[in-house]
Amino acid sequence: MIGTRPMPGSTSGVAPTLILHGGRIHTGDATAGTVQAVAIRGHEVLEVGTDAQVLRNAGPGTQRVDLAGRTAIPGMTDGHAHLDREGLRHQLPSLAKASSVEDVLDVIADEVRRHPPGSWIVTQPLGQPPEYHPGPGGLAGGRIPNRHDLDRVSPQHPVYIRPIWGYWRNATPLVSVANSLALARAGIGPHTRSPSPDVVIEADAQGAPTGVFYEHTLVPLVEHTLMRAAPGFTAAQREAGLRHAMGQYNRVGTTAVFEGHGVASEVVQAYKAVHAAGDCSVRAVLTFSPNWQLRGQGDAAQLLSDWGAWLGGRGMGDAWLRMQGLYAELDAEPGNNRLRAANHPCTGWAGFQAGCALPQDALEVLVVEAARAGIRLAGIWPNLLPLFERANRAHPIAPLRWVWGHQSVLTREQITRIKDLGLVITTHTNRHIYKDGDRLMQRQPPGGDEIVPLRRLREEGIEVAFGSDNLPPSLFGPIWHATARQSRSGQAVGPDQAITREQALHIATRGGAYLCFDEHQRGTLAPGMLADVAVLNADPLSCQDEVLPHIHADMTVVHGRVIDLPDLPSRSP
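Since this is a predicted model, take the numbers as computed values, not measurements.

Asker: Can you explain the sheet that holds strand β14 (residues 209-215)? Please cite residues and give values.
Answerer: One open sheet accounts for five strands, arranged β10-β11-β12-β14-β13; its pairing is mixed. Since the sheet does not close on itself, it has two edges, and those belong to β10 (121-123) and β13 (199-203), each with one partner. The sheet shows a mean angle of 15° between the axes of neighbouring strands, taken without regard to direction. Bridge count between strand β11 (residues 159-161) and strand β12 (residues 174-178): two bridges; the pairing is antiparallel. Bridging across to β12, Y160 finds its partner in A178.

Asker: If you had to explain the pattern of salt bridges to someone new, which residues and values would you point to?
Answerer: Side chains that differ in sign of charge can pair as their charged atoms come close. Per the counting criterion, the structure on display carries 31 salt bridges. Among the ionic pairs, E223 bridges to R162, the shortest N-O distance being 3.0 Å. Placement of E223 in the loop between β14 and α6 (235-251) and of R162 in the loop between β11 and β12 is noted, with a sequence separation of 61 residues between them. Neither residue differs from the other here; E223 and R162 are each classed as buried. With a closest N to O distance of 2.9 Å, R372 and E369 form a salt bridge. On the criterion of helical spacing, the pair formed by R372 and E369 is a turn pair, its members being three residues apart in helix α10 (residues 360-373). Given the relative accessible area of 12%, E369 is considered buried. Shared partners join several salt bridges into a network, and the residues in it are E102, R143, D149 and R152.

Asker: Give a description of the pairing of strand β2 (residues 18-21) that names residues and reports values.
Answerer: Residues of β2 alternate between two faces, with L18 and L20 on one and I19 and H21 on the opposite face, all of them buried. Two elements, β2 and strand β5 (residues 37-41), share three bridges in a ladder whose sense is antiparallel. Note on β5: the bridge partner recorded for L18 is I40. Two strands pair when backbone bridges link them, and β2 and strand β7 (residues 62-66) are joined in this way by four bridges, in the parallel orientation. In the strand pairing of β7, I19 is matched with R64.

Asker: Break down the packing of aromatic side chains for me, with residues and values.
Answerer: Under the counting rule described, the total for this entry stands at eleven aromatic pairs. A centroid spacing of 5.9 Å and a plane angle of 80° characterise the contact between W165 and F352, whose relative ring orientation is edge-to-face. Of this pair, W165 sits in the loop between β11 and β12 while F352 sits in the loop between α9 (334-341) and α10, placing them 187 residues apart in sequence. The exposure class assigned to W165 is buried, which follows from its relative accessible area of 4%. Each ring, one from F288 and one from W310, has its centre 5.9 Å from the other, and the planes form 55°; the classification is tilted. Note that F288 is positioned in strand β16 (residues 283-288) and W310 in helix α8 (residues 300-311), a separation of 22 residues in sequence. Members of the aromatic cluster, each reached through a chain of ring pairs, are Y132, W168, F233 and W349. A cation over an aromatic ring shows up here: R89 above the ring of W168, its NZ or CZ 5.1 Å from the ring centre.

Asker: Hey, could you go over unusual backbone geometry for me, with residue numbers and the actual values?
Answerer: The omega torsion of the bond from H133 to P134 falls at 10°, within 30 degrees of zero and hence cis. Relative to the assigned elements, P134 resides in the loop between β10 and α4 (147-153). Of note, the amide linkage connecting T172 to P173 takes the cis form, showing an omega dihedral of 5°. Turning to its location among the elements, P173 is positioned in the loop between β11 and β12. Even without glycine at this site, N470 takes up a positive phi of about 65°. Tracing the chain through its elements places N470 in the loop between β22 (464-466) and α16 (476-484).

Asker: Give me the packing of α10 against helix α11 (residues 385-394): which residues, what numbers.
Answerer: Interaxial distance between α10 and α11 falls to 8 Å at its minimum, and their mutual angle equals 40°. Considering the angle they form, α10 stands oblique to α11. The interaxial crossing formed by α10 with α11 has right-handed handedness. On α11, the residues touching Q360, L363, E364, V367, V368 and A371 of α10 are L387, R390, A391 and A394. Classifying every residue of the contact of α10 with α11 by side-chain character gives seven nonpolar, one polar and two charged.

The rules we used
- Residues numbered from 1 in each chain as written.
- Predicted model: local features only at pLDDT ≥ 70, side-chain atom pairs only at ≥ 80, totals over all residues.
- Heavy atoms only, no water.
- Pairing = 2+ DSSP bridges.
- Helix = DSSP H or I, 4+ residues; strand = E, 2+ residues; numbered from the N terminus.
- Axes fitted to C-alpha atoms, helices over the stretch in contact; angles between N-to-C directions.
- Salt bridge = Lys/Arg side-chain N within 4 Å of Asp/Glu carboxyl O.
- Buried < 20%, exposed > 50% of the residue type's maximum accessible area, 1.4 Å probe, protein only.
- Phe/Tyr/Trp six-rings, centres within 6.5 Å; stacked < 30°, edge-to-face > 60°.
- Lys NZ or Arg CZ within 6 Å of the ring centre and 35° of its normal.
- Parallel < 35°, antiparallel > 145°, perpendicular 65-115°, else oblique.
- Left-handed = near helix turned anticlockwise from the far one by under 90°.
- Contact = heavy atoms within 4.5 Å.
- Nonpolar A, V, L, I, M, F, W, Y, C, P; charged D, E, K, R; others polar.

Encoded structure:
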């Protein structure tokens with residue numbers, strides 16, 4: 001049992017405020033290696049070493065924590081986190097326990113009793129988090145509740161069951177449901193036309209809408225078009241969601257995130273509010289996702305020159321919250337993205353702006369001007385690599401550490417190009433090794449050596465950070481994927497690209513810090529570094545393979561402060 005108590009001892013002026021001792025502390029520092037104890041003063045590491053070395057400097061006010069043999073590591077950085085999305089799922093009534101239409105109606109009826117007539121009731125999607133399986137038709141009898149079902153328990157409340165964020169399940173269609181009053185509020189009737197070929201408004205034999213919507217796209221459209229009358233996430237919900245999510249990420253040893261998919265203004269405002277209240281327990285580096293559709297045809301050079309003052313280099317902010325760089329994307333769905341962006345400022349589950357995507361000619365200008373202004377760009381689609389090279393020919397981008405994430409497959413030729421550009425790679429092993437590994441192995445040359453080729457990337461000296469993509473939030477899954485190289489079915493996925501656990505832990509800690517331009521401040525436990533520490537329930541360097549992806553933190557320290565961790569869930573959230 002980990003316990004804390006004041007420690008009498010030295011009255012030295014450099015006495016630590018906190019000492020963790022009696023453990024196995026993997027410092028990540030090549031000189032120190034693994035030690036027994038770490039001393040913290042304020043928000044920095046003061047000393048690491050043996051118990052005897054560190055404890056002798058304790059003062060009257062030093063808090064001492066006996067790790068009782070447990071393992072501690074530097075706090076980890078999630079390089080593609082979507083932290084805000086994790087919290088939003090807990091701001092709406094859950095249908096996770098509903099296995100039938102009647103179960104769904106019981107949840108709605110309970111909400112009706114707690115809200116005045118006329119007020120909206122908006123729930124989580126159908127299905128079991130975090131992937132919201134089994135999907136459409138998964139309730140008893142293969143039924144989906146329709147407006148008539150919902151009307152039975154909510155005749156005086158507009159009700160909307162939200163669709164999932166499609167990447168949670170990586171399958172379409174997405175399904176959402178509205179009752180009759182919600183349809184009326186939204187102006188949806190027999191003659192309402194679908195806003196997109198990807199949206200189906202289900203109708204009965206008489207042509208009247210049933211209240212069920214199907215979307216054949218992974219990024220929701222209905223909530224931004226047909227059902228935009230339903231309330232989106234409020235500022236209060238986003239702030240509460242961030243607080244909840246930070247606790248969840250701390251619980252799995254994550255103390256910092258890099259939001260490489262970009263965040264929109266409503267997410268930035270929520271972060272600022274939580275920061276102003278002093279409630280941050282996760283450091284956040286936010287890449288900006290602007291809605292270009294609102295900005296007309298202004299001078300890109302002048303705009304980015306101005307933005308370079310606060311987005312360039314390490315960005316603007318402090319040790320807890322920093323804005324840094326821009327998200328970039330070619331617009332592959334111009335029609336659908338215009339529809340989503342028109343619901344500004346609401347971004348729904350996304351948290352980033354659909355209006356950030358640009359046509360080829362506009363993005364070609366943007367990347368060059370961003371390089372000129374000293375602004376890093378981050379993106380996730382394969383078609384960005386030639387554009388990054390074009391920018392580099394005009395202005396070298398290696399010092400800016402542009403980010404390329406989510407690549408499932410990388411050839412030797414692409415790796416050479418990545419190295420030449422000085423790109424930082426963020427991986428999505430939750431999907432590309434674990435969930436989709438079987439499918440990718442069928443499409444790749446024998447051996448699968450091009451599927452998330454971590455060993456080859458490391459051999460070429462390319463900096464890599466792990467990203468969870470919030471699917472689920474823990475980085476111990478990616479650490480396991482990188483070392484065990486197994487799909488969900490147990491098939492080997494590119495086994496020759498496996499790396500050691502020490503190398504994987506380096507990626508999760510120092511690699512993530514490098515991604516944020518923070519490698520000289522955090523990512524290792526050495527004197528003068530920021531005091532971010534995760535005390536774990538198992539040693540990630542020596543535990544059994546089956547234990548590794550399920551490791552959690554028993555204690556997390558961020559900025560020298562012991563964080564109150566949420567209770568472990570009795571089952572999946």
